[in-house]
Amino acid sequence: MLSARPVVRVHPNGFEPEGHQTMVTSIAVIGGIDTHADTHALAVIDSRGQLLGTTTVPATAAGNRQALAWLASHGTVHSVGVEGTGSYGAQLARHLTAHDLKVIEVDRADRKTRRRKGKSDPLDAEAAARAVLAGVATGVPKTRTGPVESLRALKATKRAAMKAQVAARSALVQMVITAPQSVRDQLDGLKGTARVEACARLRPDRTLLHDPVHAVKLALRRTARRCQVLAEEIAELNTDIEALVSSTAPRLLDAFGVGADTAAQLLITAGDNPERIRSEASFAALCGVSPIPASSGRTDRHRLNRGGDRLANEALWRIVMVRLSHDPKTKAYLARRSQQGLRKREIIRCLKRYIVRELLPIIRAELSPATDNHNPLHEAA
């Protein structure tokens, strides 16, 4: 139950003139916020679900302060449901959390609800507050204030650079295929890095760009140099990520098959506040490796989980592949489960689940040393 208690009424603009603060009996209220790039829509309801008001504030530091003051002006803020805590609402969620407000992550309303009740920013904000009141929304957002947030920024930059590198290499290959024969003869038999280096060494005559031979050489040279720049950027990012992971969670790197890249992704999925993950099963579901019942009639089985964080799922898959290739215990587990009639992809799903069981206590201990659970590690076999 939401309880009321005396609080100091805060002026909606965030500033109360000196000597004008008064004690009032405040009701317990729940806030809801629909976040956007330029503005945030806010709504407040009481413990009975009655709408007390709506407003809009700019998505700026001043707007964050205004939002906090406006919420407090309606009573004792029990909790605030925020939509988009990982994107447009990240700054606002951090601001509210820093002022000791309980922030709940709220998913966007489904299409059925939108069709029935309509769509507007104030309605979405109200829906966020009602989701918290009804207990539908219970997730605690990531704090995004520690080294894991730094890892997230570096990993996002690396993924973007790798996509650009793939696009540049693909463009280079296609350009070589359609190049004049004299240019193709210079690059004949070269692949991968050797072809990139050869293209980067081409010397076109800029005074003869009307000739396709020299224009194609110039295009190949610039594309190849773009590939080289991106390769250097990715190498530097790998070094930075490895150093940050080593200082943040060195014990995680000691686990069999866990490299800096996979460790970084699992840390990002857990967040700077892994205590928000209620259980091992919750983290498994978050990584998309929890078993989904798929039984019918006489068939009793579980299927793969297609949801969750697919980047974390991919990281677990890489760990499984390394262990299947080099770990005798994992190889024995594969053989034993195969004899029991499980398909390989089902066995891989089980191995991912075991790895979650093994690594989650390490992640919690490394990111929250004060609450080290010291849970025993479980082997896959």
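Refer to the structure printed above.
Note that the coordinates shown come from a computational prediction; the quantities given were computed from them, not determined experimentally.

> Where do I start with the overall build of the protein chain in this structure?
When helices and strands are tallied, the protein chain shows 14 helices and nine strands. For the protein chain, restricting intrachain contacts to residue pairs at least 6 apart in sequence, the fraction spanning at least 24 positions comes to 63%. Surface exposure of the protein chain reaches about 20,500 Å², of which carbon and sulfur atoms provide 52%.

> Explain helix H12 (residues 310-326) to me, please; I cannot follow it from the model alone.
Note that an α-helix has 3.6 residues per turn; residues three or four places apart therefore point the same way. With 17 residues, H12 extends 24 Å between its outermost C-alpha atoms, agreeing within 8% with the 24 Å of an ideal straight helix rising 1.5 Å per residue. The elements touched by buried residues of H12 are helix H10 (260-270), helix H13 (328-339) and helix H14 (344-367). Two or three places before Leu 311, at the start of H12, stands the capping residue Asp 309, its side-chain oxygen 3.0 Å from that residue's backbone nitrogen.

> Whenever I open this one, the pairing of strand E7 (residues 103-106) confuses me. Can you help?
Every other side chain in a regular strand lies on the same face of the sheet, so the side chains alternate between the two faces. With four bridges joining them, strand E6 (residues 76-83) and E7 adopt parallel strand pairing. Within E7, the residue paired with Val 82 across the bridge is Glu 105. Between E6 and its parallel partner E7, the chain crosses via helix H2 (residues 90-98), and the hand of that crossover is right-handed.

> What am I meant to see in the packing of aromatic side chains here?
Between two aromatic rings, the relevant description is the distance of the centres plus the angle of the planes. Counted according to the given criterion, the structure contains one aromatic pair. Ring geometry for Tyr 333 versus Tyr 354: centroids 5.6 Å apart, planes at 90°, classification edge-to-face. Within this pair, whereas Tyr 333 is found in helix H13, its partner Tyr 354 is found in helix H14, the two being separated by 21 residues in sequence. We classify Tyr 354 as partly exposed; its relative accessible area is 26%.

> Would you explain the packing of H12 against H13 in this entry?
Between two packed helices, both the angle of their axes relative to each other and the distance between the axes serve to describe the pair. Between H12 and H13, whose axes approach to 6 Å, the crossing angle comes to 95°. As summarised for this structure, H12 and H13 are arranged roughly perpendicular, according to the angle between their axes. Residues Arg 323, Leu 324, Ser 325 and His 326 of H12 pack against Pro 328, Thr 330, Lys 331 and Leu 334 of H13.

Reading the values: rules and limits
Residues numbered from 1 in each chain as written. Predicted model: local features only at pLDDT ≥ 70, side-chain atom pairs only at ≥ 80, totals over all residues. Heavy atoms only, no water. Helix = DSSP H or I, 4+ residues; strand = E, 2+ residues; numbered from the N terminus. Contact = heavy atoms within 4.5 Å. Areas by Shrake-Rupley, 256 points an atom, 1.4 Å probe, with all protein chains shown as cover. Expected span 1.5 Å × (residues − 1). Polar contact = N/O pair within 3.5 Å; in protein donor to acceptor, adjacent residues only side chain to side chain. Pairing = 2+ DSSP bridges. Right-handed = clockwise from strand over helix to strand, strands pointing away. Phe/Tyr/Trp six-rings, centres within 6.5 Å; stacked < 30°, edge-to-face > 60°. Buried < 20%, exposed > 50% of the residue type's maximum accessible area, 1.4 Å probe, protein only. Axes fitted to C-alpha atoms, helices over the stretch in contact; angles between N-to-C directions. Parallel < 35°, antiparallel > 145°, perpendicular 65-115°, else oblique.

It is worth stressing that arrangement in space is one thing and function is another; only the former is reported here.
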